[in-house]
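Here is how the chains run, residue by residue.
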Amino acid sequence: MLAASLLSLLALVAQVQSTRTAVHIVRVELSGPLDSLVLLTDRGQVRYDHALSSQEALSVLLPVPAEEARAALQARVSLMGPRDEGGLAMGRARVTAVLPQHPALDELPAQLRARALPVPASGALSIAGVTLAALGAVLVWVLRARARAAALVAILATLGVVLVRRDRVAPTIEVLEADARSAVWLARQVSARALPLPPFEQAWSAYTVPASVPLVIEAQGDPAQALLTLLDGLVVVESPWVAPGDLLRAERNDFESLETVYTRQDGVWKAHGPWLRGTALPPAQRIEAPPGWLAAGLPVEGEVWLGRRTSERAESWLRYLR
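Residues numbered from 1 in each chain as written. Predicted model: local features only at pLDDT ≥ 70, side-chain atom pairs only at ≥ 80, totals over all residues. Heavy atoms only, no water.

### Overview of the nonpolar core
We apply this condition: What we call a nonpolar core is a set of buried Ala, Val, Leu, Ile, Met, Phe, Trp, Tyr and Cys residues that are connected through their side-chain atoms within 4.5 Å. Residue burial is assigned from relative accessible area. The probe radius is 1.4 Å, only protein chains are included, and a residue is buried under 20% of its type maximum, exposed over 50%, and partly exposed in between. By definition, any uninterrupted DSSP run of H or I lasting at least four residues is a helix, any uninterrupted run of E lasting at least two residues is a strand, and each is numbered from the N terminus.
Formed by 35 residues in total, the largest nonpolar core has its most connected members in Val28, Leu39 and Leu62. Among the secondary structure elements, those contributing two or more residues to this core are β1 (23–31), β2 (34–41), β3 (44–52), β4 (57–65), β11 (215–220), β12 (227–230) and β13 (234–242). Broken down by element, this core gets its largest block of residues, five residues, from β1.

And the structure:
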């Protein structure tokens with residue numbers, strides 16, 4: 001599983017960072033006539049489609065891809081709509097302020113943010129392609145034999161695709177990172193395609209893996225329902241989640257019904273099957289390890305419970321340490 005291991009390592013290393021975000025919320029003052037607005041930064045762009053007549057004005061909050069608040073405030077403005085005889089846009093747009101980061105983000109426990117990310121299917125394949133291409137380039141340089149290098153590159157590429165497909169997961173994954181000793185948990189969404197942004201007034205941060213991946217945000221009509229998309233890599237949205245207390249015990253599950261549960265005790269993984277709310281943890285059915293990314297990056301010591309949650313939106317998991 002060389003390719004899968006490389007991908008897991010890349011995701012694990014890339015996410016060990018502060019609570020900086022790749023998306024900031026800015027206030028924009030608009031006046032018509034205009035059809036739509038694009039704000040551009042070095043990290044990507046946001047497009048807002050909202051027509052205004054020459055007598056209309058609007059103050060709106062928009063998400064802007066930017067590592068720093070200053071970069072968001074200095075986003076370049078491009079307007080689509082009526083133009084004068086000289087070709088200049090007749091509408092106006094000005095970024096006037098950047099909303100501060102929500103203080104609750106500072107409460108996210110570092111040990112929860114350091115857990116390994118899942119690598120959704122299309123993102124895994126893309127990163128594997130980059131890795132294998134780099135290996136191929138090295139082979140060409142070292143071997144200096146075109147025929148032999150080409151053959152080895154083809155073998156590596158085929159092997160890499162096979163390995164990645166064996167370990168691929170759904171395009172979007174939700175994980176609730178939990179710890180019995182922490183008052184704040186971490187709700188995390190990871191996608192290789194697109195994620196809807198949470199409400200602007202809530203506490204959340206968004207970033208990409210790798211960090212250099214450009215972001216495209218579409219905000220049509222209601223900017224609070226913006227969709228964050230990317231062409232490569234992974235996009236991650238994280239939010240603090242208030243721990244519900246001691247609602248998950250082996251004697252009784254007062255948290256929620258789980259479709260399947262894995263536990264680790266003394267270094268041994270066991271599969272327990274479904275765990276219904278209001279019941280005790282069912283007996284282990286067999287010795288079986290969970291998906292690789294779920295077990296990656298967890299402390300060696302302590303008891304671990306991994307539960308598949310019920311969700312219609314995405315594959316969803318609870319990762320709980322006791």
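### Observations concerning the confidence of the model for the protein chain
Defined as follows: Confidence scores here are pLDDT values: one per residue, from the predictor, ranging 0 to 100. Any pair of residues with heavy atoms lying within 4.5 Å of one another is described as a contacting pair.
Put simply, the protein chain has an average pLDDT of 80, and 78% of its residues get 70 or more. When the criterion is pLDDT under 50, residues 1–19 qualifies, and its contacts beyond four places in sequence or with other chains add up to 36 contacts. Low confidence marks residues 123–169, where pLDDT is under 50. Its contacts with residues over four positions away, or in another chain, come to 43 contacts.

### A short note on the environment of valine 26
Mapped onto the fold, valine 26 is located in strand β1. Separated by 37 residues in the primary sequence, valine 26 and proline 63 have C-alpha atoms spaced 6.3 Å apart. Every residue in contact with valine 26, bar those within four places of it in the chain, is listed here: Leu39, Val60, Leu61, Leu62, Val64, Ala72, Val95, Ala97 and Val98.

### Some remarks on unusual backbone geometry
The omega torsion of the bond from glycine 32 to proline 33 falls at 10°, within 30 degrees of zero and hence cis. Tracing the sequence through the fold places proline 33 in the loop between β1 and β2. Each neighbour pair has its own omega, and for valine 209 with proline 210 the value is -5°, a cis peptide bond. Counting through the fold element by element, proline 210 comes out in the loop between β10 (205–209) and β11.

### As for the packing of aromatic side chains
Keep this limit in mind: Pairing of aromatic side chains requires ring centres within 6.5 Å, counting the rings of Phe and Tyr and the six-membered ring of Trp. Pairs whose planes differ by under 30 degrees are stacked, by over 60 edge-to-face, and all others tilted.
For the coordinates displayed, the defined rule picks out seven aromatic pairs. For the ring pair tryptophan 185 and tryptophan 241, a centre distance of 5.7 Å and an interplane angle of 10° mean the geometry is stacked. Taken together, the residues span a long stretch of sequence, with tryptophan 185 in strand β8 (residues 184–191) and tryptophan 241 in strand β13 at a distance of 56 residues. Within the aromatic cluster, the residues linked to one another by ring pairs are Trp185, Trp241, Phe255, Trp275, Trp305 and Tyr320.

### Considerations on the sheet that holds β8
Test applied: Note: two strands are recorded as paired if DSSP finds a minimum of 2 bridges between them.
Taken in spatial order, the nine strands line up as β10-β13-β8-β7-β18-β17-β14-β15-β16 in an open sheet, and their pairing is mixed. Looking at which strands have only one partner, the edges of the open sheet turn out to be β10 and β16 (286–287). Of the pairings in the sheet, the one linking strand β7 (residues 172–179) to β8 comprises six bridges and is antiparallel in character. Residue pairing in the sheet places threonine 172 in a bridge with serine 191 of β8.

### Regarding the side chain of threonine 41
What counts, and what does not: Polar contact is the term for a pair of N or O atoms within 3.5 Å; when the atoms are in protein, one must be able to donate a hydrogen and the other to accept it, and sequence-neighboring residues count only if both atoms are side-chain atoms.
Locating threonine 41 in the fold gives a position in strand β2. Within polar-contact distance, the side chain of threonine 41 engages the backbone nitrogen of arginine 43 at 3.1 Å.

### Structural notes on the sheet that holds β12
The line we're drawing: To get an axis, a line is fitted to the C-alpha atoms, and for a helix only the part in contact is used. The angle between two axes follows their N-to-C directions and goes from 0 to 180 degrees.
Spatial ordering of the open sheet is given by β5-β2-β3-β11-β12-β9, a layout of six strands whose pairing is mixed. In this open sheet, the two strands that pair with only one neighbour each are β5 (76–80) and β9 (194–196). The mean inter-strand angle of the sheet, taken between neighbouring strand axes irrespective of direction, is 20°. In this sheet, β5 lies alongside β2 in antiparallel orientation, the contact comprising five bridges. Residue leucine 39 lies in a different strand from β5, and its bridge partner there is valine 77.

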